[in-house]
Each structure stands twice: as C-alpha cells, then as structure tokens.
Amino acid sequence: EDQVTQSPEALRLQEGESSSLNCSYTVSGLRGLFWYRQDPGKGPEFLFTLYSAGEEKEKERLKATLTKKESFLHITAPKPEDSATYLCAVRGTSGTYKYIFGTGTRLKVLA
Amino acid sequence: SQTIHQWPATLVQPVGSPLSLECTVEGTSNPNLYWYRQAAGRGLQLLFYSVGIGQISSEVPQNLSASRPQDRQFILSSKKLLLSDSGFYLCAWSKGASSYEQYFGPGTRLTVT
C-alpha cells in the first residue's frame, strides 16, 4: 500500500537557522513526489515536483531533494514568512489518479 | 493563467441538511478535477476525481457524491449531512497525462452542527 510519512510533525526555528523536513514514502513505482506549502485556512500552494532519485529543485530559500525512499525539503536561512505547514505527496504508477498525502510538518520561524 | 475558484468559503449546516459545494477552473481545458477533505491533524483524503464530463470515480464510500456537468465545473453534494462530514474541503485540478502537478483552490470550511 502506498504510504507517506512526514517528520517532524512540528518544527520551531529561529530566523536564519537552517533545517530540513523529511518525507519518507512507499509507493509501487513513482510517477512524482510533490511538495506543497499550506497557510492556515488556505489551500495548498504547489512548490516542487520531483520525478526520479537524485533530482533536486530550488526556489528561493527552499531546496527539495529525492532518493528512492525519501525526500528532503531544505530551508536555508528561513524568515518568519516561511512559517506554514509543508505537505508532501506522491503519485504512483498503479494506474489510478490517486495522490497520497502526508500529514505535514508545521514550521514556525521566530524573528 | 489558470485560476481555480471554490464557493462558498465557509458554511455552517445542521445535521441532515443537503450540501452543494462548487468548484470551477478557468484558463485550461479538459482538466482532471479532484475533491479532497482535510481534517485537523490528518492528511488530505481524496474523495472523488474526474477525468472528463460525467466521469466520476469515488475513492471512499460515504454519503457524499460528485458531479461534473461541464468541462471545468465540479460539484460536491450530499442529501443528508452527518456530523462527521465537517472539515475543510479542497478542490484541485491537474493538466492530465502531460503533467502530474495538482493545483488547489482556496477551500471551503464546512461545519455540521
């Protein structure tokens, strides 16, 4: 069964304190791994898609990496505006359109 | 550019009342459309998806239903709401076979009392 586990559940950082969020996944063939940012009371905002192990993508202070079992979202020198819940999702090759989401990491960056 | 709309933004309904949530997408044609429910502290649960007009697939048996009367319109309905139907409902679209990214709407907060 396809599964996504994110850790930690919550993370508090000081402004400028770099860290990483983890997304471990089990899927029968990976079509794509997706990272989203979600602010309270709003819909998730698409950040990255990773398709194969070794792939990396960057956007401002965020960098996503992918291995065969997990993905990391690295946050470099975070700012308070980076505070949000970060969601990870996978879509497998099982022939359906189903996306499996993790429960997210709640990030709080303190000024 | 593409835009996805959902309404209403918030809704408070009594148990046993009907439900209709609407989602529309602008700026694209023949999108794949999805309905998700997000409960506090839990991941997004896929409820329905559609790859074309009148084509609906259900992921979770429940008292909800979905319809796609037009290419870019997706409706979530219920004849009688349950307390357990409370949650944050999200509509999403993707481009289909050429791209797997999903783009989400602003969501509807449903409280069943």
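Here the structure is shown first, and the text comes after it.
Let me begin by describing the structure that accompanies this report. Just so it is clear, the model here is predicted, and its values are computed rather than measured.

1. Re the overall build of chain A
And step 1. When you go through chain A residue by residue, the secondary structure sums to zero helices and 11 strands.
And step 2. Taken from the N to the C terminus, the helices and strands of chain A come in the order β-β-β-β-β-β-β-β-β-β-β.
And step 3. With the C-alpha coordinates of chain A rotated into their principal frame, the extents come out at 45 × 30 × 20 Å.
And step 4. Per-residue burial for chain A yields a buried fraction of 46% across its 111 residues.
And step 5. Summarising the internal contacts of chain A: among those between residues at least 6 apart in sequence, 55% fall at separations of at least 24.
And step 6. When the accessible surface of chain A is totalled, it reaches about 5,500 Å², and 46% of it is carbon and sulfur.

2. Thoughts on the sheet that holds strand β8 (residues 70–75) of chain A
Residue and element names in this part refer to chain A.
And step 1. Here five strands make up an open sheet; going across it, the order is β1-β3-β8-β7-β6 and the pairing antiparallel. Each end of this open sheet is capped by a strand with a single partner; those strands are β1 (3–7) and β6 (56–59). Taken pair by pair, the neighbouring strands of this sheet meet at an average axis angle of 15°, ignoring direction.
And step 2. Note: β6 against strand β7 (residues 62–66), four bridges, orientation antiparallel. Across the sheet, E56 pairs through a bridge with T65, a residue of β7.

3. Looking at the side chain of R91 of chain A
And step 1. With respect to the element layout, R91 of chain A can be found in strand β9 (residues 84–92).
And step 2. The buried charged residue R91 of chain A lacks any salt bridge partner; its closest oppositely charged side chain belongs to D2 of chain A, at an N-O distance of 9.0 Å.
And step 3. Beyond its immediate sequence surroundings of up to four residues, R91 of chain A is in contact with V27, G29, L30, R31, G32, F34, T96, Y97, K98 and Y99 of chain A together with Y100 of chain B.

4. Description of the state of the cysteines
Residue and element names in this part refer to chain A.
And step 1. Evaluated as defined, the whole model comprises two disulfides over all chains.
And step 2. Each sulfur in the disulfide pair C23 and C88 lies 1.9 Å from the other. Across the disulfide from C23 to C88, rotation about the S-S bond amounts to roughly -65°, and the bridge is consequently left-handed. Linking C23 in strand β3 (residues 19–26) with C88 in strand β9, this pair joins segments that are 65 residues apart in sequence.
And step 3. Judged by relative accessible area, C88 falls into the buried class, the value being 0%.

5. A look at the pattern of salt bridges
Residues and elements named next belong to chain A.
And step 1. As enumerated under the stated definition, the model contains seven salt bridges over all chains in all.
And step 2. Between E56 and K63 there is a salt bridge, with its nearest N and O atoms 3.3 Å apart.
And step 3. Look at E56 and you get partly exposed, because its relative accessible area is 48%.
And step 4. Given a relative accessible area of 28%, K63 falls into the partly exposed group.

6. Details of the interface of chain B and chain A
And step 1. The interface is formed by 22 residues belonging to chain B together with 20 residues belonging to chain A.
And step 2. Summed over the shared surface of chain B and chain A, the result is one salt bridge.
And step 3. Across the pair K98 of chain A and E59 of chain B runs a salt bridge whose closest N-O atoms are separated by 3.5 Å.
And step 4. On inspection of chain B and its partner chain A, the count reaches seven residue pairs in polar contact (both at pLDDT 80 or more).

7. Observations concerning the packing of aromatic side chains
The geometry of an aromatic ring pair is captured by two quantities: the separation of the ring centres and the angle between the planes.
And step 1. What the rule picks out here adds up to 13 aromatic pairs over all chains.
And step 2. Ring geometry for Y36 of chain A versus F104 of chain B: centroids 5.4 Å apart, planes at 85°, classification edge-to-face. Separated into two different chains, Y36 of chain A in strand β4 (residues 30–38) and F104 of chain B in strand β10 (residues 103–104) make up a pair that spans both. Each member of the pair, Y36 of chain A as well as F104 of chain B, is classed as buried.
And step 3. What links up through ring pairs into an aromatic cluster is the set F34, Y36, F46, Y99 and F101 of chain A together with Y34, Y36, Y49, W93, Y103 and F104 of chain B.

8. Digging into unusual backbone geometry
And step 1. Omega for the peptide link from S7 of chain A to P8 of chain A comes to -10°, which places this bond in the cis form.
And step 2. Mapped onto the elements of the fold, P8 of chain A is located in the loop between β1 and β2 (10–14).
And step 3. The linkage connecting W7 of chain B with the following residue, P8 of chain B, adopts the cis geometry, with an omega of 0°.
And step 4. Positive phi, close to 45°, is recorded for A77 of chain A, a residue that is not glycine.
And step 5. The topology assignment puts A77 of chain A in the loop between β8 and β9.
And step 6. Phi is positive for N30 of chain B, close to 50°, though the residue is something other than glycine.
And step 7. On the secondary structure map, N30 of chain B appears in the loop between β3 (19–26) and β4 (32–38).

Basis of the calculations
- Numbers given to residues run from 1 along each chain, matching the order in which its sequence is written.
- The order in which chains are written sets their letters, starting at A; the order in which ligands are written sets their numbers, starting at 1.
- pLDDT decides what is reported in this predicted model: residues at 70 or higher carry local features, side-chain atom pairs at 80 or more are listed and counted, and totals for whole chains, interfaces and linings draw on all residues regardless.
- Where side-chain values are given, they derive from all heavy atoms of the structure, hydrogens and water being excluded.
- Numbered from the N terminus, helices here are DSSP runs of H or I no shorter than four residues, and strands are runs of E no shorter than two.
- Only protein chains enter the accessibility calculation, which uses a 1.4 Å probe; a residue is then buried when its area is under 20% of its type maximum, exposed when over 50%, and partly exposed in between.
- Between two residues, a contact is recorded if the distance between any of their heavy atoms is within 4.5 Å.
- The Shrake-Rupley method, run with a 1.4 Å probe, gives the accessible areas here. Residue values count only the displayed protein chains as cover.
- By the convention used here, strands pair only if DSSP detects at least 2 bridges between them.
- The axes used here are C-alpha line fits, helices contributing only the stretch in contact, and every angle between their N-to-C directions lies in the interval 0 to 180 degrees.
- Lys and Arg are tallied as positive, Asp and Glu as negative. Neither His nor the chain termini are counted.
- What counts as a salt bridge is simple: a side-chain nitrogen of Lys or Arg found within 4 Å of a carboxyl oxygen of Asp or Glu.
- Pairs of cysteine sulfur atoms within 2.5 Å are identified as disulfides in what follows.
- By the criterion applied in these results, polar contacts are pairs of N or O atoms within 3.5 Å in which, for protein atoms, one can donate a hydrogen and the other can accept it, and in which residues neighboring in sequence qualify only through two side-chain atoms.
- Stacked, edge-to-face and tilted labels apply to pairs of Phe, Tyr and Trp rings (six-membered ring for Trp) whose centres lie within 6.5 Å, assigned for plane angles under 30 degrees, over 60, and everything in between, in that order.

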